[in-house]
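Structure assessment
These are the residues of each chain, in order.
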Number of protein chains: 2
Amino acid sequence: MPTIRDVAKRASVGIATVSRVLNNSTSVSKETRQAVLAAIEELDFTPNPIARQLSTGRTLTVGVILPFLTMPSYVERLRGVQHALAETEYHMVLFSVGSPSERDAYFKDLPRNNLVDGILIISLPPNDAQAERLALAEIPTVLIDAYHSRLSCILTDDVKGGMLATQHLIDLGHRKIGFLSDLLETPFHPSARFRYQGYRKALEDSGIPFDPAYHISGERGRENAAKMARHLLALDNPPTAIFAGNDIQAIGVLDAAKEAGVKVPDELSVIGFDGVRDSEYTHLTTIDQHLFQSGVRGVQMLIETLESNSPSPQHQRLPLDLIRRVTTQVFQE
Amino acid sequence: MPTIRDVAKRASVGIATVSRVLNNSTSVSKETRQAVLAAIEELDFTPNPIARQLSTGRTLTVGVILPFLTMPSYVERLRGVQHALAETEYHMVLFSVGSPSERDAYFKDLPRNNLVDGILIISLPPNDAQAERLALAEIPTVLIDAYHSRLSCILTDDVKGGMLATQHLIDLGHRKIGFLSDLLETPFHPSARFRYQGYRKALEDSGIPFDPAYHISGERGRENAAKMARHLLALDNPPTAIFAGNDIQAIGVLDAAKEAGVKVPDELSVIGFDGVRDSEYTHLTTIDQHLFQSGVRGVQMLIETLESNSPSPQHQRLPLDLIRRVTTQVFQE
DNA sequence: GCTAGGATTGGAACCGGTTCCAGATAATGA
DNA sequence: TCATTATCTGGAACCGGTTCCAATCCTAGC
């Protein structure tokens, strides 16, 4: 592998000059530049990025920490990150988190070793101590789908989203509204809890009493959601509408309804949350939280911070949009 | 940020000794080691991986090139890669390919710049020239779900898989068997074509004449598959079984069948291909090609090559298993 | 004709590790 | 006791870039 010194020798110039040509920095005469470019061509020289990283202190790499592709919504956010990063000169290193201890290890180590220039954390809220460390680190961090006052964030207002979804059902005339979701207490992202809060708030605002029988939560996944939905549908006085904590669960609800012979949306309205692709296929009414866009925005915010190194954390809130498809309908007696 | 020299000074030893402690290489006396470890602790020192990379020539990074997460099957393979890589000391850098030109750029550049120690290519078969370059490069490459004689590969026998699926339907007594898939000619991975060949071969082996009306291909995706399935089901003499090129398309077929009031499996048997998670949910009979495992094996082969630098390409074939679920059934008049 | 100042250029130091090699010390054997 | 060897240890070179700084050349201005 030829080095910059080989090129310098071949072009009969100094190594500094070759470097200048490579970075087309300060003035190099046209003839010299030509000579250097010719030598580079002849030797088939490519600068070694590692050496460059060492001397510049920049790695041109962004580290992405996420709960690894366990849910379509993470994949969709990651897709947004990838898309936005492709427009820049930065590479993407993936750090997958499978357990709280793994998460903590990355939170601790990644900001210290100079492996990446910036960190994107997807759907993994740090605790106060971790956030403090991240905030003090030289490497900027942006949280996507997680909040901490000390760090820059791309946020989704899950409470508001929960209200939006519930309000939609209320507006359609429903009064017996079920809520079905992941476990509310989780070591990872507590979005289900916030959405539940939104659900409760919307009911309260409309003066609809909350019925604990209409609230059920359990392990994630379509099958489990179907199981929970069967339970709701088997109640003596079953709900006429179900708000599922995410789209995958909503699809599980659709499964259960079909199986039970309950017609959607005639006899049961179903609304999801996320706006993943599967919701399109299934024509599910849902709350679109712009997952792809969250990845894009996260990258934008990180790159901005990297280039301006403004230290004050920024918080950006993504819009939420009700996408009305065919699974919700006006309540009919 | 403290450096190895700071540690050396603090522990009153030479930098070489610190390095020895860090790499617990050749003999260092117990007392010296203790002193160095204490200094490291006190200074909160972490070795800079970039500097290490420059001097050792190893980056401890594997580059993964893949058509970016456009299909569940790629995600599943990637998951396997991630899982296996997590057991090693290697990191993973993701290079996403959205177009043939992007693919060609990565094939060309990645082996040259010393950014990664090894390359995994998922579902992107290189042409001869590219394969030659990759084979000659100092950086080892392993193809997952793609074949080239000059390179190590983790393979799936799509032709055999196509035969397996078709044979299953034939064994059940079906004679009017449809085949529905992606476009057979694609700039990317031609798995659909191979599966189609397997379909044709199985028919031929059983002496069942091929009916061109039963073969349809088009853009990928569930919806498109449903559209194509509607077409097949609307034929004067519709097939009694459909083999879909992949699970997502098979799910599209199920959609179309339900919509048309055709009962699965009573009136129509459906078999998919891949064994993605969605196939579990939908209780789809399918050919499991062990996607996750393909990622794991790819990593294993790559790491092996990295550590033994054996230059001769290895080819490993993954098994194919028929998973019989509920969407296929004995043909009944 | 002489000098100030801008344009080019090259050498050397530097980034922060690893490792070769030689020197120092301790232990072993005769 | 002395030579020999094994064990430890540190300095310096090296990986391959970038960049500071000083040197050189050239041209314009007086």
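Residues numbered from 1 in each chain as written. Chains lettered and ligands numbered in written order. Predicted model: local features only at pLDDT ≥ 70, side-chain atom pairs only at ≥ 80, totals over all residues. Heavy atoms only, no water.

**Looking at the interface of chain A and chain B**
Interfaces are often sized by the amount of accessible area the parts lose when they come together. Across the boundary between the two partners, chain A contributes 33 residues, which contact 33 residues of chain B. Contact between chain A and chain B buries roughly 3,500 Å² in total, counting both sides, with carbon and sulfur atoms accounting for 63%. Where chain A packs against chain B, one counts two salt bridges. With its nearest N and O atoms 2.8 Å apart, the salt bridge here joins R112 of chain B to D44 of chain A. At the surface where chain A touches chain B, the tally comes to ten residue pairs in polar contact (both at pLDDT 80 or more). Mapped onto the side of chain A that touches chain B, the elements with two or more residues apiece are α4 (49-56), α5 (72-86), β2 (91-97) and α10 (222-233) of chain A. Per element, the largest residue contribution to the side of chain A that touches chain B is six residues, and it comes from β2 of chain A. The residue inventory of the side of chain A that touches chain B, partitioned by class, reads 15 nonpolar, twelve polar and six charged. (Contact = heavy atoms within 4.5 Å. Buried area = accessible area lost by both parts, 1.4 Å probe. Salt bridge = Lys/Arg side-chain N within 4 Å of Asp/Glu carboxyl O. Polar contact = N/O pair within 3.5 Å; in protein donor to acceptor, adjacent residues only side chain to side chain. Helix = DSSP H or I, 4+ residues; strand = E, 2+ residues; numbered from the N terminus. Nonpolar A, V, L, I, M, F, W, Y, C, P; charged D, E, K, R; others polar.)

**Describing the side chain of D247 of chain B**
Residues and elements named next belong to chain B. Within the secondary structure layout, D247 lies in helix α11 (residues 247-260). Buried within the structure, D247 lacks any salt-bridge partner; its nearest side chain of opposite charge belongs to R325, at an N-O separation of 6.3 Å. At a separation of 2.9 Å, a polar atom in the side chain of D247 contacts the main-chain amide nitrogen of F273. Contacts of D247, omitting those with residues within four sequence positions, involve G272, F273, D274, G275, V276, S279, L284 and T286. (Buried < 20%, exposed > 50% of the residue type's maximum accessible area, 1.4 Å probe, protein only. Lys, Arg positive; Asp, Glu negative; His and termini not counted.)

**Here we look at the relation of the copies chain A and chain B**
When chain A is fitted to chain B, the residual RMSD is 0.1 Å, and the transformation amounts to a turn of 180° plus an axial shift of 0.1 Å. In short, the pair behaves as if placed about a two-fold rotation axis. When C-alpha positions in chain A are compared against the rotation axis, the closest is assigned to V93 of chain A, at 2.2 Å. Interface overlap between copies: 100% of the residues of chain A at the interface are likewise at the interface in chain B, consistent with a symmetric, same-surface contact. (Least-squares fit on C-alpha atoms with pLDDT ≥ 70 in both.)

**Notes on unusual backbone geometry**
Residues and elements named next belong to chain A. Omega for the bond connecting V264 with P265 falls within 30 degrees of zero, at 5°, which places this linkage in the cis form. Its identity as a non-glycine residue notwithstanding, D145 has a phi of 60°, on the positive side. Tracing the sequence through the fold places D145 in the loop between β4 (141-144) and β5 (152-155).

**Some thoughts on the protein's contact with DNA strand D**
For DNA strand D, the set of nearby residues contains 30 residues, the closest of which are S19 of chain A together with T17, R20, S27 and T32 of chain B. When atoms of DNA strand D within 4 Å of the protein are sorted by moiety, sugar and phosphate together comprise 55%. Contact distances for DNA strand D include 2.7 Å between a phosphate oxygen and a side-chain N or O atom of T17 of chain B. Where the surface near DNA strand D is concerned, the elements lending two or more residues are α1 (4-11), α2 (15-22) and α4 of chain A together with α2 (15-22) and α4 (49-56) of chain B. When its residues are assigned to classes, the surface near DNA strand D shows twelve nonpolar, 14 polar and four charged. (Near = heavy atom within 4 Å.)

**Quick look at the protein's contact with DNA strand C**
Surrounding DNA strand C, one finds 30 residues, the nearest of these being R20, S27 and T32 of chain A together with R5 and S19 of chain B. A share of 54% is what sugar and phosphate atoms reach among the atoms of DNA strand C within 4 Å of the protein. Between a phosphate oxygen of DNA strand C and a side-chain N or O atom of N23 of chain B, the distance comes to 3.0 Å. Of all elements in the fold, only α2 and α4 of chain A together with α1 (4-11), α2 and α4 of chain B reach the threshold of two or more residues within the surface near DNA strand C. No other element matches α4 of chain B, which puts five residues into the surface near DNA strand C. For the surface near DNA strand C, the class distribution of residues is twelve nonpolar, 14 polar and four charged.

**Quick notes on helix α8 (residues 158-171) of chain A**
Residue and element names in this part refer to chain A. The end-to-end C-alpha separation of α8 is 19 Å, in line with the 20 Å expected for 14 residues at 1.5 Å each. Listing the buried residues of α8 in full gives D158, G161, G162, A165, T166, H168, L169 and I170. Buried residues along α8 sit in contact with β6 (177-182), α9 (191-205), β8 (241-244), β9 (269-271), β10 (286-288) and β12 (321-323). Backbone nitrogen of V159 and a side-chain oxygen of the N-cap are separated by 3.3 Å at the start of α8; the cap is D157. Residue G173 follows α8 closely and has a positive phi angle near 100°. (Expected span 1.5 Å × (residues − 1).)

**Focus on the pattern of salt bridges**
Side chains carrying opposite charge are able to pair once their charged atoms draw close together. Within this structure, the stated rule accounts for 30 salt bridges over all chains. With its nearest N and O atoms 3.1 Å apart, the salt bridge here joins D104 of chain A to R103 of chain A. Note on D104 of chain A: relative accessible area 31%, which makes it partly exposed. The salt bridge partner of R230 of chain B is E259 of chain B, with a shortest N-O separation of 3.0 Å. Taken together, the residues R230 of chain B in helix α10 (residues 222-233) and E259 of chain B in helix α11 connect sequence positions 29 residues apart. A relative accessible area of 56% places E259 of chain B in the exposed class. Through salt bridges with shared partners, a single network forms among E76, R79 and R277 of chain A.

**Remarks on the pairing of strand β3 (residues 118-122) of chain A**
All names here are of chain A. Buried residues dominate β3, accounting for five of its five residues. Residues G118, L120 and I122 point to one face of β3 and I119 and I121 to the other, with burial holding for every one of them. As defined by bridge partners, strand β1 (residues 61-67) adjoins β3 across four bridges and the pair is classed as parallel. If you follow V64 over to β3, its bridge partner there is L120. When β3 meets β4, the two strands line up parallel, connected through four bridges. Paired with I119 across the two strands is T141, which belongs to β4. (Pairing = 2+ DSSP bridges.)

**Topic: empty space enclosed by the protein**
Scanning the entire structure with this criterion turns up one cavity of 30 Å³ or more. If you add up the space inside the largest cavity, you get close to 180 Å³. Taken together, 17 residues form the lining of the largest cavity, with T61 and V93 of chain A together with T61, V93 and L115 of chain B sitting closest to its centre. Contributions of two or more residues to the lining of the largest cavity are made by α4 and β2 of chain A together with α4 and β2 (91-97) of chain B. Each residue belonging to the lining of the largest cavity can be placed in one class, and the counts come to nine nonpolar, eight polar and no charged. (1 Å grid on protein atoms, 1.4 Å probe; cavity = no way out; pocket = protein on both sides within 12 Å on 5 of 7 lines; lining within 4 Å. Points joined across faces, edges and corners; volume = space filled by probe spheres on them.)

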